[in-house]
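# Examination of the molecular architecture
Here is what each chain is made of, one letter per residue.
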Amino acid sequence: MATSDPSPPATDKNDNVQGSGQIGLVAAVSLGIGGMVGRVAVIMPVLLLVLAGWLFRHPASVHDNGRIGIGFGLLVVTIAGFCHVAGGRPAPNTGLPALSKAGGLFGWMLGEPLAFLLTSVGAYVVLALFTFFSVLIVTKTPPNRIGRRLGDLYGWMFGAERPSDEERAATKAAKLA
């Protein structure tokens, strides 16, 4: 009858030495960013490409950069909050790997109080409002111009001509008469 030896097999110290430092660095950066924003780290390159495209199409002045940075940061943290609530709401005492599988530390900071106070559905509603307002901040859209901006978006997407201010005033006067 053979007995099994519980000790691990002997390995050479020099196995996998080449590249292990690079893998360790990538893992540390991944765990660091994943620990902060969780699953959002996976889509962060796409979000940054969209932000870069926006900035290239709409060159901003120095004053706009702060507004865009705040709006983009709020958007990322809000998405992390969504991921935290949807990811099972892990607590920080379960460790950073568990947090990074959901919304990370920032997602926990935003999503957990909302989910605790308002339930998950209420947290989703508040996070959706935060997402909406972050888009308004990035696009520099005041709330009283949302309808016009949506009309402009519709016209841009489908090639529809928007009536001028004079045509709208004439139509409005004709309806009142």
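Residues numbered from 1 in each chain as written. Predicted model: local features only at pLDDT ≥ 70, side-chain atom pairs only at ≥ 80, totals over all residues. Heavy atoms only, no water.

## Let's talk about the overall build of the chain
Secondary structure assignment for the chain yields seven helices and zero strands. Along the chain, from the amino end to the carboxyl end, the secondary structure elements read α-α-α-α-α-α-α. Counting every position in the chain, which comprises 177 residues, the buried fraction comes to 23%. Of all intrachain contacts in the chain linking residues separated by at least 6 positions in sequence, the fraction that spans at least 24 positions is 63%. For the chain, the exposed area adds up to about 12,600 Å²; of that, 69% sits on carbon and sulfur atoms. (Helix = DSSP H or I, 4+ residues; strand = E, 2+ residues; numbered from the N terminus. Buried < 20%, exposed > 50% of the residue type's maximum accessible area, 1.4 Å probe, protein only. Contact = heavy atoms within 4.5 Å. Areas by Shrake-Rupley, 256 points an atom, 1.4 Å probe, with all protein chains shown as cover.)

## Some points on helix H2 (residues 40–57)
Between its first and last C-alpha, H2 extends 24 Å over 18 residues, near the 26 Å set by a 1.5 Å rise per residue. Taken as a whole, H2 carries its principal kink of about 30° at Val46. Val40, Met44, Leu47 and Leu51 are the residues of H2 that are buried. (Expected span 1.5 Å × (residues − 1). Bend = angle between axes of the 7 residues up to and from the residue.)

## Section: a nonpolar patch on the surface
A surface patch of nonpolar side chains, amounting to about 750 Å² of accessible area, comprises Leu150, Leu153, Tyr154, Trp156, Met157 and Phe158. Mapped onto the elements of the fold, Tyr154 is located in helix H6 (residues 146–158). (Patch = residues over 30% accessible without salt bridge, like charges linked within 9 Å, V, L, I, M, F, W, Y side chains within 5 Å. Salt bridge = Lys/Arg side-chain N within 4 Å of Asp/Glu carboxyl O.)

## A look at the nonpolar core
By size, the foremost hydrophobic cluster in this structure holds nine residues: Val37, Val40, Met44, Leu47, Leu51, Ile68, Phe72, Val76 and Ala80. Elements with a minimum of two residues in this core: H2 and helix H3 (62–86). Aside from chain neighbours lying at most four places away, what touches Phe72 is Leu47, Leu48, Leu51 and Val138. With six residues, the next largest nonpolar core counts Val85, Leu110, Leu114 and Ala123 among its residues. (Core = buried A, V, L, I, M, F, W, Y, C linked by side-chain atoms within 4.5 Å.)

## Describing the pattern of salt bridges
For the structure on display, the rule yields three salt bridges. Between Arg67 and Asp64 there is a salt bridge whose closest N-O contact spans 3.5 Å. Separated by three residues within a single helix, Arg67 and Asp64 lie in helix H3, roughly one turn from each other. The closest approach of N and O atoms between Asp64 and Lys140, which form a salt bridge, is 3.8 Å. You can see Asp64 sitting in helix H3 and its partner Lys140 sitting in the loop between helix H5 (104–139) and H6, a full 76 residues away along the chain. Here Asp64 falls in the buried class, since its relative accessible area comes to 18%. Several salt bridges converge on common partners, so that one network encompasses Asp64, Arg67 and Lys140.

## Points about H5
Helix length check: H5, at 36 residues, gives a terminal C-alpha distance of 27 Å against a target of 52 Å (1.5 Å per residue), a shortfall beyond 12%. Maximal helix bending in H5 amounts to about 125°, located at Leu118. Of the residues flanking the end of H5, it is Lys140, one or two places downstream, whose phi is positive at about 55°.

## A short note on the side chain of Thr141
Tracing the chain through its elements places Thr141 in the loop between H5 and H6. Residue classification places Thr141 among the buried residues on the basis of a relative accessible area of 11%. Within polar-contact distance, the side chain of Thr141 engages the side chain of Thr139 at 2.9 Å. At 2.8 Å, the side chain of Thr141 and the side chain of Arg149 are in polar contact. With sequence-adjacent residues up to four places away left out, Thr141 is seen in contact with Leu136, Ile146 and Arg149. (Polar contact = N/O pair within 3.5 Å; in protein donor to acceptor, adjacent residues only side chain to side chain.)

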